[in-house]
Structure formats: C-alpha cells, structure tokens
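# Coordinates in review
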Amino acid sequence: MSNPAVVFIAGERQHAGKTVTSLGLISALSNHIDPKDIGYFKPVGQEMITLPNGQRIDKDVRVVQEFTDLDMPDLGILSPVRVVSGITRDYIKSGQPQAITAAFEKEIHKTMDYLSDKKLIIAEGTGHPGVGSVIGLSNAKVSNMLGGRILYLVGGGIGRTIDELEVDLSYFSHHHSQVAGVLFNKVLPGKVEMMRDIISESALDRIFPEWNPSLDIYGYMPKVKYLNNPSMQLISRSFKDHRTLSQAGGDAWHKACRKVKIISQGPEAFRPEGRLKPRDIAVIGAASHIRLKRIIDYNAALPAEKLGGIILTCATDQMPDATVVEWFSQSDLPAIAVIQDTAATDKALYKCFNNTKLQLYDKKKHEQIVELFTEHFDAKHFIRAFGL
C-alpha cells in the first residue's frame, strides 16, 4: 500500500483561517473522494477541550468531527501533542529537551500509522510558521516529519501579501520544507478579480523563481460576512464573573455579532435608531435606565434581524436593579452584566473579536464555508497536484 498524500495547512499567523480551510477542503474534496479516504489530525494543539470521558484534546479536532463525515472514532489519537500551560517552561528548564521532543515525535508518528489507510491526510498547523519551535516542533519541522506538502494561507491584497510570502517562504525554504501552493484568504470581495489578474501563478513564478516546482494557487477566497465574528455566547466567556440577564433562546446567543457600539451619549441625545444596527452589541452602564429602555424597545421593533446583544458595565449587587432585570426577563435580546468598566470591557471585546474560532454550534458558519469552497476553491487543480 502506498503512503497517503499529506497536505499540511500553514498560515501567516494565528487565526489565519486554518480550521476554516480544513473544513472547506474536506467539503470540496468529498465531492471527488470518499470521505472515508480522508484523514485529519492536529499534530500540535494549543487550545484544549475536555471530552465526556475526561480526555483532553485540541478543540479543532472536535470541530472537524462535528461538521464533517470523516471517520474519526478515536479523537484522542488525532491530537497527539497538546501544548498546555507550563509545557514550554518545563521544556526549557529540562535537562533533556531532545528526549522530550523525541517523545512528542513518537506520538505524531503513532497518529500517522493510525491514518495510514487513507488516501489523503490533512494535517492542520498551529499559529504562524515558527510556532512550536520552543519544543522543537515548528510548523516547518512537523511538515517535514510527515513528508507533507504545505498549503499556505495568506491574506488578501497585493503589496502586503507579497511581503508576507517573502518572509514565510524564506522560512520554509531555510527548513527545506515543501510548499505545494498558496490559498489567498479573506480577500475583499470587490478586489478578488483584480487580485486574480495581478497575482497569478505565472506572477508568483517570476517573483519566487527559486521554488521548484512552481507554486500553485488553489483559490482567491473572498471575505465572508460575519464568518470571523463572535456570538454573544462566546463573548460572555470573556468575562469570568458575568451575570446572564436575558432569557433569549439559543439561536439569539449563537448568532455572529457585527460591531461593538459603546453608548456614551447622554439620555437627552441618544437615539438607538441612529446608533445601532442589527447584530450590533451595545455596551452601556448598568445604571442607565432611560437609554436601556430605548434600546430594548428599539430591538423589539426591528422588523427582521435583531441586535446582537447588550453588555451592562460596572455592575454591582444593586445594579442593574430589579426594574432593569425585569425588562430583560421579558426581552429576546441576549444580555449580560459585568463588573468591568467600559474601558476594560472594550479591551476584552477587542481581544474576543480578534481571536474568534469556530464553535460546535456554528452550523450556519459551516454552511458558509461549504459555499465558499464550492465556488472559489480549485479542487480539481488540488487533486491533480497531490496525485489523488
């Protein structure tokens, strides 16, 4: 039996879209290959979840199981190296780091043996290309271990995109890694055709002549509205001591939000219809009765899409008071109260919006991913390149 082809998904940075690409790639290839012939794993993981049996695995493995038809009965073996808190510190202080790296490598090879009956193995990298170097397992090193060919994700644009490619391709070249091709991701929809015209495969061949074989391009993926935005359910996890106020259903809590709007206007001037749009999150002080009531009434009157949610800041045992709590108990607007002030709340929201990952309830987002790759990913080109 011949060894399976291995595609290693690497990106310019954390949250470049590696898990989205894994899901989209599986969906697109499943139209040409039996899903049972496709394997997936996350060689080095950083964000853990706990399974019902108590086992800790990388969250992305569970997400891929949830949204695909791949045969994944043993999730634990698909997350062989788990970089949890303290591992890098212990590794650096250890007197035998090479032995620790060798043990990690052994676990990765076990996973490869487990998936050896597949035609294609998708190995999802973590962070930017150098992530994992501290334990001897950078993305370049792991890809080489697997005999993989890299599918590299880079953001849309012209100058910045070429600059990013120059830096990261040089890194892969230094490590003698094989880069099969590029997927341009999160391109502004109005600039897809311009980018396709300017940065073609022949253009990449001229800019990076040292790559042999030449770099393939597998698609120009337009940015999808709300795909990378968090829901109120996810946002609430950014606040350890938050209090849930609303009885809104799960769909309202799981809907991707649009923008954060800090309500700083006084009650005389504030009119929600001029400040808030559907899916927006309103951030406002917990003691703001008049403005809160206007927001709740405005949300109720919206004909179709509602607001994303509301966050009450500077909450205390007395605020929000019983009147406000009663208003929210009768509202379908997701709402939480937090003890943080507006500045700290805004900082937490900024971090959340810039670090959003897919959740197990994100079925609508998965549908968007399937549509995106059906229309914009060149599956036939990929299949030819990987000899499938």
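Here, every reference points to the structure presented above.
Residues numbered from 1 in each chain as written. Predicted model: local features only at pLDDT ≥ 70, side-chain atom pairs only at ≥ 80, totals over all residues. Heavy atoms only, no water.

## Considerations on the packing of aromatic side chains
Aromatic rings in a pair are described by how distant their centres are and how their planes are angled relative to each other. Taken as a whole, this structure holds eight aromatic pairs when the rule is applied. Arranged with centres 5.9 Å apart and planes meeting at 50 degrees, the rings of Phe377 and Phe382 form a pair that is tilted. Look at Phe382 and you get buried, because its relative accessible area is 0%. Clustering of aromatic rings is evident, with ring pairs tying together Tyr218, Phe373, Phe377, Phe382 and Phe386. (Phe/Tyr/Trp six-rings, centres within 6.5 Å; stacked < 30°, edge-to-face > 60°. Buried < 20%, exposed > 50% of the residue type's maximum accessible area, 1.4 Å probe, protein only.)

## Overview of the pairing of strand E13 (residues 281–285)
Regular strands place their side chains on alternate faces of the sheet. Burial of E13 is extensive: four of the five residues sit out of reach of the surface. When strand E12 (residues 260–262) meets E13, the two strands line up parallel, connected through three bridges. Bridge pairing in E13 links Ile262 to Val283. Note that E13 and strand E14 (residues 309–313) share five bridges and pair parallel. Its bridge partner being in E14, Val283 is matched across the sheet by Ile311. Traced from E13 through helix H12 (residues 289–301) to E14, the parallel crossover comes out right-handed. (Helix = DSSP H or I, 4+ residues; strand = E, 2+ residues; numbered from the N terminus. Pairing = 2+ DSSP bridges. Right-handed = clockwise from strand over helix to strand, strands pointing away.)

## Examining the environment of Asn354
The topology assignment puts Asn354 in the loop between helix H14 (342–353) and helix H15 (363–376). Assessed through its relative accessible area of 43%, Asn354 is described here as partly exposed. Placed 125 residues apart in sequence, Asn354 and Asn229 show a C-alpha to C-alpha distance of 8.2 Å. At 2.8 Å, the side chain of Asn354 and the backbone oxygen of Tyr350 are in polar contact. (Polar contact = N/O pair within 3.5 Å; in protein donor to acceptor, adjacent residues only side chain to side chain.)

## Examining the pairing of E14
Of all five residues making up E14, five are buried, and the element is well covered by its neighbours. By the alternation rule, side chains of E14 split into Gly309, Ile311 and Thr313 and Ile310 and Leu312, which are all buried. As paired elements, E14 and strand E15 (residues 335–337) share three bridges and run parallel to each other. Bridged to Ile311 within E15 is Ile336. Regarding topology, helix H13 (residues 322–329) serves as the crossover connection from E14 to the parallel E15, and that connection is right-handed.

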